Amino acid sequence: MRGVRRPPRPPIFASFADPLEGSPRVSRAVLIRLSAVASVFLLALLSLAFFWPETTHERKTNWVGAPGPTQPIAFYHRVHVNELHIPCAYCHWTAAASRYANYPPIEVCWGCHKNISITHPQIARVRQYYLAGQSVPWVRVNQQPGYVHFVHSAHVGANIACATCHGNVGSMQVVYQPIIMNMGWCITCHRQYEKKFQPYQASVDCYTCHY
Ligand code: HEC
Ligand code: HEC
Ligand code: HEC
Ligand code: HEC
Ligand code: HEC
């Protein structure tokens, strides 16, 4: 067959137009086109599957690595923690006692900034939120998917330092997530606490973190 010129390719739907004319080559052409369409569809499905967890768990934030997100007020931990030595708990006091660590209400900022740096443009924003009685819409930095159960108080109560999971926040200008907090990372630590006869015991059972 090599060297023989092929006749011009018949239109795809020739086989539908006249079934008797349906040569094997025509149906092969149809097949090739169909499989091309199918693979494009499959690719679309695959990419959907890839992005699906992002949308279903509303995990809009994922600030792994610097820089972190632009916040509504340019608040710097480095200034308040490393330079002014304000303890974490002064602003995030619920971390020790409950599931979530709170963001400080604007009154906490105002308590100092009604007198400090009052002409600074960022402090003007603090005043604006305070006078309007609004809470600052801080952009979330660390967020587990909805199907993960995490409890701050259990970890803070077991004397695990904030820095073990959040890095040295006190030296950060803008907070970001330095450690990728995935399942393997959680379980690696829980394994170390699995042994008996120690004050704190963590479990690696699935329902500890998923239910
Ligand atoms: C003066 C108040 C203040 C102090 C002190 C403070 N923080 Fe914060 N922290 C904030 C505010 C406001 C935000 C939200 C804006 C931002 O992300 O910078 C925040 C955000 C964070 C976040 C990111 C939360 C998220 O969305 O995932 C972490 C983690 C954090 N702080 C840890 C710490 C640690 C650890 C310390 C002590 C070393 C500390 N903070 C001390 C006020 C404070
Ligand atoms: C064992 C790891 C671990 C420790 C220790 C830890 N955190 Fe977190 N932190 C997390 C995880 C994981 C999240 C995301 C939680 C979620 O999405 O449910 C988070 C979220 C936060 C947030 C955002 C609000 C929230 O609760 O989701 C703040 C603020 C925060 N941590 C501050 C702190 C402070 C301050 C300390 C120390 C007192 C601390 N964390 C100790 C792992 C830790
Ligand atoms: C315990 C007192 C205290 C608290 C609470 C506090 N700050 Fe500050 N803040 C300061 C001081 C002191 C400075 C440094 C002023 C300077 O260096 O001129 C500062 C600096 C700042 C600056 C930079 C302004 C400048 O002059 O460089 C911003 C922005 C700021 N703070 C925002 C906040 C926000 C937002 C909160 C609440 C989440 C907050 N602060 C809570 C004491 C505080
Ligand atoms: C650095 C070590 C460490 C890391 C990292 C860690 N854990 Fe834990 N976790 C512990 C310890 C220790 C306990 C048990 C504390 C106790 O004895 O009360 C615990 C307990 C828990 C509990 C049980 C809380 C309760 O109410 O009894 C949950 C849920 C949990 N961890 C989820 C997580 C998740 C999810 C992650 C990852 C995002 C994680 N942990 C990362 C050490 C860790
Ligand atoms: C100590 C906490 C912890 C335990 C125990 C744990 N997981 Fe997870 N799991 C997580 C975290 C955190 C994530 C989110 C992973 C991420 O963000 O990459 C996760 C994610 C998952 C996912 C989704 C994976 C993906 O890529 O979407 C599955 C499925 C899962 N876990 C199943 C299990 C099963 C089955 C077990 C028991 C054998 C288990 N987990 C035990 C913390 C835990």
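Look a little higher up for the structure.
Residues numbered from 1 in each chain as written. Chains lettered and ligands numbered in written order. Predicted model: local features only at pLDDT ≥ 70, side-chain atom pairs only at ≥ 80, totals over all residues.

J.: Hey, could you run me through the site of ligand 2 in this one?
T.: Lining the immediate environment of ligand 2, one finds 18 residues, of which Tyr100, Ala101, Gln144, Cys162 and Cys165 sit closest. Of all the secondary structure elements, the ones that give two or more residues to the shell around ligand 2 are helix 7 (152–157) and helix 8 (162–166). The element best represented in the shell around ligand 2 is helix 8, accounting for four residues. Its residues placed into classes, the shell around ligand 2 shows ten nonpolar, eight polar and no charged. (Near = placed C-beta within 6 Å. Helix = DSSP H or I, 4+ residues; strand = E, 2+ residues; numbered from the N terminus. Nonpolar A, V, L, I, M, F, W, Y, C, P; charged D, E, K, R; others polar.)

J.: How should I be thinking about the site of ligand 4 in this particular structure?
T.: Surrounding ligand 4, one finds 22 residues, the nearest of these being Ala154, Cys186, Cys189, Tyr200 and Ala202. Counting only elements with at least two residues in the shell around ligand 4, the list comes to helix 7, helix 8, helix 9 (183–192) and helix 10 (206–209). Of the residues that constitute the shell around ligand 4, the class distribution is 14 nonpolar, eight polar and no charged.

J.: So what exactly am I meant to see when it comes to the environment of Asn159 here?
T.: Here Asn159 shows up in the loop between helix 7 and helix 8. A C-alpha to C-alpha distance of 9.4 Å links Asn159 and Tyr200, two positions 41 residues apart in sequence.

J.: Before we go on, may I ask you to explain the environment of Cys109 in this structure?
T.: Following the sequence through the fold, Cys109 ends up in helix 5 (residues 106–113). Once the C-alpha coordinates of Cys109 and Ile123 are considered, the two residues, 14 residues apart in sequence, prove to be 9.2 Å apart. Among residues more than four places away in sequence, those in contact with Cys109 are Pro104 and Val126. (Contact = placed C-beta atoms within 7 Å.)

J.: Mind showing me how you'd approach the packing of helix 5 against helix 6 (residues 121–132) here?
T.: Packed helices, taken two at a time, are described by the angle their axes make and the gap between the axes. One can describe the packing of helix 5 onto helix 6 by two numbers: an axis separation of 10 Å at closest approach and a directional angle of 125 degrees. When the axes of helix 5 and helix 6 are compared, the pair comes out oblique. Relative to helix 6, the crossing made by helix 5 is left-handed. Note on element contacts: helix 6 touches helix 5 through Ile123, Val126, Tyr129 and Tyr130, opposite Ile106, Cys109, Trp110 and His113. Across the contact of helix 5 with helix 6, the residue classes break down as seven nonpolar, one polar and no charged. (Axes fitted to C-alpha atoms, helices over the stretch in contact; angles between N-to-C directions. Parallel < 35°, antiparallel > 145°, perpendicular 65-115°, else oblique. Left-handed = near helix turned anticlockwise from the far one by under 90°.)

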